[in-house]
Amino acid sequence: MEARNLRVSDAEREHVGELLQKAVGQGMLSLGEFTERMDTALAAKTRGELNSVLADLPGITLISDYDPPAYPNAGQPMYQGQPYPAPTYQPQPPPVHPSPPYRALVGAPVVGTYGAANAAVIRGRMATVTRNGAWIVPPAVVVDTRMSSVTIDFTRAVMQTQVVNISIDDYASSISLIVPEEATVDMNGVEAVGGSASNKVRSGPQMGPLHLVVHGKVRFGSVTAKHPFGTTIRKMFGS
């Protein structure tokens with residue numbers, strides 16, 4: 001089977017998304033082109049479909065275009081009276097990458113920098129994701145989204161701890177964090193690349209029953225912390 005017909009994984013799609021993001025940063029793609037190509041990349045099933053979004057970008061070697069060198073087998077012509085040298089393998093140490101705040105694995109506990117185990121993982125790919133009502137909130141929440149609309153409502157949620165750490169890894173999504181009137185939110189740890197991070201609630205020290213600590217990266221999307229609709233009007237009328 002040709003390499004271009006092989007199936008691709010989520011990790012490969014996300015890697016291509018990072019390459020497209022770098023291309024935007026270098027001025028090779030507009031935001032409109034980035035969005036269109038991200039749509040194609042997230043829907044790609046084979047390497048050929050995934051490679052199509054990178055084909056015209058310089059400096060990228062596509063897997064399906066790579067042909068490994070051929071080495072003659074036994075019985076083929078010799079080189080200067082000696083067998084053709086066989087390829088040698090030199091084991092290399094694995095690359096060292098900084099660990100993300102949380103590593104989410106299906107069916108495995110999540111342990112991160114804040115010592116939070118069994119974090120709630122909210123994942124979306126071109127989807128609408130909502131958490132509301134009396135849902136149980138662990139000490140940590142991981143938001144892993146791509147081009148999605150996400151609403152996380154804490155107003156009637158059941159808290160296990162006063163402080164909840166939220167780790168965000170997002171491309172081109174809209175994320176809303178809805179908190180009770182007495183809650184506080186710290187969004188100083190959010191890095192926005194071509195997007196926005198907006199805190200419309202109190203950001204001071206933890207005082208009430210809930211304090212959110214939000215960190216991570218938002219690329220070409222938005223994350224907003226706010227009160228439920230109508231809170232400001234109720235304050236005006238003293239109710």
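Every value quoted in this text rests on a predicted model; they were computed, and no experiment measured them. (Residues numbered from 1 in each chain as written. Predicted model: local features only at pLDDT ≥ 70, side-chain atom pairs only at ≥ 80, totals over all residues. Heavy atoms only, no water.)

Participant: Is there a simple way to explain the overall build of the chain in this structure?
Facilitator: On a plain count of helices and strands, the chain comes out with four helices and 12 strands. The 239 residues of the chain split such that 37% are buried. Counting contacts in the chain only where the partners sit at least 6 residues apart, residues at least 24 apart contribute 64% of the total. As displayed, the chain offers around 14400 Å² of accessible surface, 54% of which is attributable to carbon and sulfur atoms. (Helix = DSSP H or I, 4+ residues; strand = E, 2+ residues; numbered from the N terminus. Buried < 20%, exposed > 50% of the residue type's maximum accessible area, 1.4 Å probe, protein only. Contact = heavy atoms within 4.5 Å. Areas by Shrake-Rupley, 256 points an atom, 1.4 Å probe, with all protein chains shown as cover.)

Participant: It is not clear to me how the pairing of strand β5 (residues 149-153) should be interpreted in this structure. Could you clarify?
Facilitator: Sheet faces and side chains relate simply in a regular strand, where the side chains alternate between the two faces. Sheet topology note: the strand β2 (residues 128-131)/β5 ladder contains four bridges and is parallel. From the neighbouring strand, T130 faces β5, where its bridge partner is T151. Two elements, β5 and strand β8 (residues 174-178), share five bridges in a ladder whose sense is parallel. Note that in β8 the partner of I152 across the bridge is L177. (Pairing = 2+ DSSP bridges.)

Participant: Is there a simple way to think about the packing of aromatic side chains in this case?
Facilitator: Where two aromatic rings form a pair, the distance of their centres and the angle of their planes describe that pair. Under the definition given, this model contains two aromatic pairs. With 4.7 Å between their ring centres and 45 degrees between their planes, F34 and F220 make a pair best called tilted. You can see F34 sitting in helix α2 (residues 31-43) and its partner F220 sitting in the loop between β11 (211-219) and β12 (222-226), a full 186 residues away along the chain. Comparing F34 with F220 shows no difference in burial state: the two are buried. (Phe/Tyr/Trp six-rings, centres within 6.5 Å; stacked < 30°, edge-to-face > 60°.)

Participant: In this structure, what is going on with the sheet that holds strand β1 (residues 120-125)? I would like to understand it.
Facilitator: Either a parallel or an antiparallel arrangement is found when strands of a sheet pair, and the pairing is made through backbone hydrogen bonds. Spatially, five strands are ordered β1-β4-β7-β11-β9 in an open sheet, and the strand pairing comes out parallel. The open sheet terminates on both sides in strands that have one partner only, identified here as β1 and β9 (184-193). With strand direction ignored, the average angle separating the axes of adjacent strands in the sheet is 10 degrees. Bridge analysis of β9 against β11 gives eight bridges, and the strand direction is parallel. Paired with V185 across the bridge in β11 is L212. (Axes fitted to C-alpha atoms, helices over the stretch in contact; angles between N-to-C directions.)

Participant: Explain the sheet that holds β12 to me, please; I cannot follow it from the model alone.
Facilitator: Read across the sheet, five strands follow the order β2-β5-β8-β12-β10 without closing on themselves; strand pairing throughout is parallel. If you trace the sheet from one side to the other, it starts and ends with β2 and β10 (196-199), each paired once. On average, each strand axis in the sheet is tilted by 5 degrees relative to the strand beside it, whichever way the strands run. As judged from the five bridges shared by β8 and β12, these two strands associate in the parallel manner.

Participant: It is not clear to me how the pattern of salt bridges should be interpreted in this structure. Could you clarify?
Facilitator: Charged atoms that come close allow side chains of opposite charge to pair. Under the counting rule described, the total for this entry stands at 12 salt bridges. The shortest N-O distance in the salt bridge between D10 and R123 comes to 3.0 Å. Taken together, the positions of D10 in helix α1 (residues 10-25) and R123 in strand β1 put the pair 113 residues apart, joining distant regions of the chain. When its relative accessible area of 43% is taken as the criterion, R123 is described as partly exposed. Taking the shortest distance from any N to any O, the salt bridge between D144 and R123 comes out at 3.5 Å. Of this pair, D144 sits in strand β4 (residues 140-146) while R123 sits in strand β1; the two residues are 21 residues apart in sequence, bridging distant segments of the chain. In this structure, a network of salt bridges that share partners links the residues D10, R13, E14, R123, R125, D144, R146, D169 and R219. (Salt bridge = Lys/Arg side-chain N within 4 Å of Asp/Glu carboxyl O.)

Structural measurements only, silent on function.
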